[in-house]
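Here is what each chain is made of, one letter per residue.
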Amino acid sequence: MTDLLIHSMAEFSSLIMPCLDKAKASSIAEIGSEFGGMSRVLADHCAAKGGTLTCIDPEPADGFREWAAGLAHVDHRALPSLDALPDCEAVDAWFVDGDHNYYTVFNELAAIAAVQRQAGKPLLAFLHDVSWPCARRDFYYAPERIPAGRRHPHSNDAGVRLESGAAQPQRGLRGMGHFAVALEAGGERNGVLTAVEDFLKEADSDERPLYYVHVPAVLGLGIVFDAGAEWSTELAEFLLPYHANPLIARLEENRLRNYLEVIDWQDRSASQ
């Protein structure tokens, strides 16, 4: 079923690459490589700019380790993000597309902001899955890595639908053994977008204000960057037409409804 769903961060390349050029980004760090689709795009960019790419992923897809090892400018760190970040240096841009839950994303952003602040470098972070289904609902690739008190009740078998806050057994979008979903959507400390919003509330200040852009397509792209960076105005003007664009959001909703209909059709066929 996942083969039918366009879900890679690489789908945003036509937006992301101009942003990297405007920010003069040559050194990049990526959390969550999975199949390496975005990693390869970023590696090519870094090579062209004479920079480096750091990929943080404890369990990437088959072949990724060999690919990374074959490139001198790519450094693969096979650790969970929150274990790897304390030893990371500041870079020009960060990509956050790892475990899609509040605890992980909030702490990733906090650690990244601290690294950038200590080095005196502006923050530029691209985050995936800030829209449905992860916006207000935690997904867990490795629930055991989340402290028990910060982990919502979850299921490896239940699925989610656009119109329902409660996960439903063997229905809708579900992990099929690859991830677990929180049984309920909404509430405090639940979901990727909630993590981003809470981070912005804590990190934003008059001394270092932050901008946030939300592109409501392909499960949602969020972009957080320092308003005081020399390139921030140019970046904001470029991204403004895409921010919270209602037409883009409507097309994404239609795409997801069609995909969920296909899942329902497959489920009905399998039960006959």
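Definitions and limits used
- Residues numbered from 1 in each chain as written.
- Predicted model: local features only at pLDDT ≥ 70, side-chain atom pairs only at ≥ 80, totals over all residues.
- Heavy atoms only, no water.
- Buried < 20%, exposed > 50% of the residue type's maximum accessible area, 1.4 Å probe, protein only.
- Helix = DSSP H or I, 4+ residues; strand = E, 2+ residues; numbered from the N terminus.
- Pairing = 2+ DSSP bridges.
- Right-handed = clockwise from strand over helix to strand, strands pointing away.
- Expected span 1.5 Å × (residues − 1).
- Contact = heavy atoms within 4.5 Å.
- Phe/Tyr/Trp six-rings, centres within 6.5 Å; stacked < 30°, edge-to-face > 60°.
- Lys NZ or Arg CZ within 6 Å of the ring centre and 35° of its normal.
- Polar contact = N/O pair within 3.5 Å; in protein donor to acceptor, adjacent residues only side chain to side chain.
- Core = buried A, V, L, I, M, F, W, Y, C linked by side-chain atoms within 4.5 Å.
- Axes fitted to C-alpha atoms, helices over the stretch in contact; angles between N-to-C directions.

K.L.:
Explain the pairing of strand β1 (residues 28–31) to me, please; I cannot follow it from the model alone.
P.N.:
As a general feature of sheets, a regular strand has side chains that alternate between the two faces. The alternating pattern of β1 places I28 and E30 on one face and A29 and I31 on the opposite face, and all of these are buried. Across four bridges, the pairing between β1 and strand β2 (residues 53–56) is parallel. Note that in β2 the partner of A29 across the bridge is T54. Regarding topology, helix α2 (residues 37–49) serves as the crossover connection from β1 to the parallel β2, and that connection is right-handed.

K.L.:
Explain the sheet that holds strand β7 (residues 154–155) here, please?
P.N.:
Strand pairing within a sheet occurs via backbone hydrogen bonds; the two strands may be parallel or antiparallel. Spatially, three strands are ordered β6-β10-β7 in an open sheet, and the strand pairing comes out antiparallel. Two strands lie at the open edges of the sheet, namely β6 (139–140) and β7, each paired on one side alone.

K.L.:
Which parts of the structure should I look at to understand helix α6 (residues 192–203)?
P.N.:
Spacing of three or four residues puts side chains on the same side of an α-helix, whose turn is 3.6 residues. For α6, with twelve residues, the first-to-last C-alpha span of 16 Å sits near the 16 Å given by 1.5 Å per residue. For α6, the complete set of buried residues consists of V192, L193, T194, A195, V196, D198, F199 and L200. Turning to α6, the residues buried within the fold contact α5 (102–119), β5 (124–128), β11 (210–215) and β12 (221–226).

K.L.:
In this structure, what is going on with the packing of aromatic side chains? I would like to understand it.
P.N.:
Each pair of aromatic rings is reported with the distance of its centres and the angle of its planes. Within this structure, the stated rule accounts for eight aromatic pairs. Measuring from centroid to centroid gives 5.4 Å for Y211 and F225, while their planes differ by 75°, and the two rings are edge-to-face. In this pair, Y211 is assigned in strand β11 and F225 in strand β12, connecting sequence segments 14 residues apart. Under the relative-accessibility criterion, Y211 is labelled partly exposed at 38%. Sitting above the plane of the F238 ring, K22 keeps its charged end 5.1 Å from the centroid. Looking at R40, its charged tip hangs above the ring of W67, at a distance of 4.7 Å from the centre.

K.L.:
How should I be thinking about the side chain of S155 in this particular structure?
P.N.:
Looking at where S155 falls in the secondary structure, it is placed in strand β7. A polar contact is formed between the side chain of S155 and the backbone nitrogen of A158, at a distance of 3.0 Å. Ignoring any residue separated from it by four or fewer positions in sequence, one finds S155 in contact with A180, V181 and L183.

K.L.:
Can you walk me through the nonpolar core in this structure?
P.N.:
In this structure, W94, L127, V196, F199 and V224 are the most contacted members of the largest nonpolar core, which totals 43 residues. Broken down by secondary-structure element, the contributors of at least two residues to this core are β1, β4 (93–96), α5, β5, β8 (158–161), α6 and α8 (246–271). The element that contributes the greatest number of residues to this core is α5, accounting for seven residues. Excluding residues within four positions of it along the chain, L127 makes contact with M9, V96, V105, L109, V196, G220, L221, G222 and V224. Membership of the second largest hydrophobic core comes to 36 residues, among which are F64, V215, A217 and F225.

K.L.:
It is not clear to me how the sheet that holds β1 should be interpreted in this structure. Could you clarify?
P.N.:
Taken in spatial order, the seven strands line up as β3-β2-β1-β4-β5-β12-β11 in an open sheet, and their pairing is mixed. The outermost strands of the open sheet, each flanked by one partner alone, are β3 (74–77) and β11. Direction aside, the axes of adjacent strands within the sheet are offset by 15° on average. Alignment of β11 against β12, held across six bridges, turns out to be antiparallel.

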